[in-house]
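# Geometric and topological summary
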Amino acid sequence: MPENSITVSENFRRTVNSFYKNSKKKNSNNIPNYNIHLDKVIEATSKRLTFNHSYKSNDQPVCRFLNSCIKNAPKKYKVIAEVTQQIKELLYWKVNDNYKNVYPDHFFQNESFVEIIGPSGLLICPNIRVGFLLLGKDVLYPSHNHEALELYNIISGYSLWQINDEKFAKKSPGDEIFHDLWMPHSMKTEEQPVLALFSWSGAIFKEAVPII
Ligand SMILES: [Fe+2]
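What counts, and where the lines are drawn
Residues numbered from 1 in each chain as written. Predicted model: local features only at pLDDT ≥ 70, side-chain atom pairs only at ≥ 80, totals over all residues. Helix = DSSP H or I, 4+ residues; strand = E, 2+ residues; numbered from the N terminus. Expected span 1.5 Å × (residues − 1). Buried ≥ 20, exposed ≤ 12 C-beta atoms within 10 Å, placed from the backbone. Arc of directions from axis to C-beta. Contact = placed C-beta atoms within 7 Å. Pairing = 2+ DSSP bridges. Core = buried A, V, L, I, M, F, W, Y, C linked by C-beta atoms within 7 Å. Axes fitted to C-alpha atoms, helices over the stretch in contact; angles between N-to-C directions. Parallel < 35°, antiparallel > 145°, perpendicular 65-115°, else oblique. Left-handed = near helix turned anticlockwise from the far one by under 90°. Nonpolar A, V, L, I, M, F, W, Y, C, P; charged D, E, K, R; others polar.

### Let's talk about helix H2 (residues 32-44)
Residues spaced three or four apart along an α-helix point in a common direction, a consequence of the helix completing one turn every 3.6 residues. Relative to the 18 Å expected for 13 residues at 1.5 Å per residue, H2 spans 18 Å between its end C-alpha atoms, a close match to the ideal helical length. Along H2, the positions that sit buried rather than exposed are His 37, Leu 38, Val 41 and Ala 44. End-on view of H2: buried residues confined to an arc of 135°, all on one side of the axis. Elements in contact with the buried residues of H2: helix H1 (5-26), strand S5 (128-135), strand S7 (149-156) and strand S12 (194-201).

### Quick look at the pairing of strand S6 (residues 140-145)
Alignment of S6 against strand S11 (residues 185-188), held across 3 bridges, turns out to be antiparallel. Paired with His 144 across the strands is His 185, a residue of S11.

### Some thoughts on the nonpolar core
One finds Ile 116, Ile 128, Leu 134, Ile 155, Leu 195 and Ala 196 to be the most contacted residues of the largest nonpolar core, which totals 47 residues. Within the residue set of this core, elements represented by two or more residues are H1, H2, helix H3 (66-72), helix H4 (78-87), strand S3 (111-118), S5, S7 and S12. Setting aside anything within four residues of it in sequence, one finds Ile 128 in contact with Lys 40, Val 41, Ala 44, Ile 117, Gly 118, Ser 199, Trp 200, Ser 201 and Ile 204.

### A few points about the packing of H1 against H4
The interhelical angle for the contact between H1 and H4, taken along N-to-C directions, is 155°, at an axis separation of 9 Å. Taken together, the axes of H1 and H4 lie roughly antiparallel to each other. The crossing of H1 and H4 is left-handed. Seen from H1, the contacting residues are Val 8, Ser 9, Asn 11, Phe 12, Thr 15 and Phe 19; seen from H4, they are Val 79, Ile 80, Val 83, Gln 86 and Ile 87. Here the residues of the contact of H1 with H4 sort into 7 nonpolar, 4 polar and no charged.

What follows is the structure in structure tokens.
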């Protein structure tokens, strides 16, 4: 681990805490689980968290797009882009085992996520997960669901997102997408890779499952 890893991870925690506090101010709505989720994430990231000394970095094929996603993040995300640039060498990118032998190889070349704050994150937190989803170009992330509540905030790149059987809707940096308990969702990219911040609360130990 580089010497300043603890400082960098604390910067990330403080940055996402401010990010979610701003989100709460800007996006008030009356979806009960959205508000429960956001409050939990804000509370969990508001205090110093234990640094996980056994966390090791790991890349996936889609990481080839990470630098361009950071570079292409809009100016309003300068702070989060900078902190992502600082923390990127530390991150353990992974794929969900439930998708293996279900989704095509193209998916595994173009999708990965990283838990930065969470039970097995770089910063240990028992009740939420915060990290990034990275999607490459021209990839479909087929419909899947999970019990955990989930909030996505698009940081870089545009993409198309679907909830249940609704039409895919275009989402750009600054947009957020909330998935309530077990809500089926799917996303796809076209010519741009996408970096999105995600947070989970509730049943965070049960990974997503594909809907076949
Ligand atoms: Fe999800």
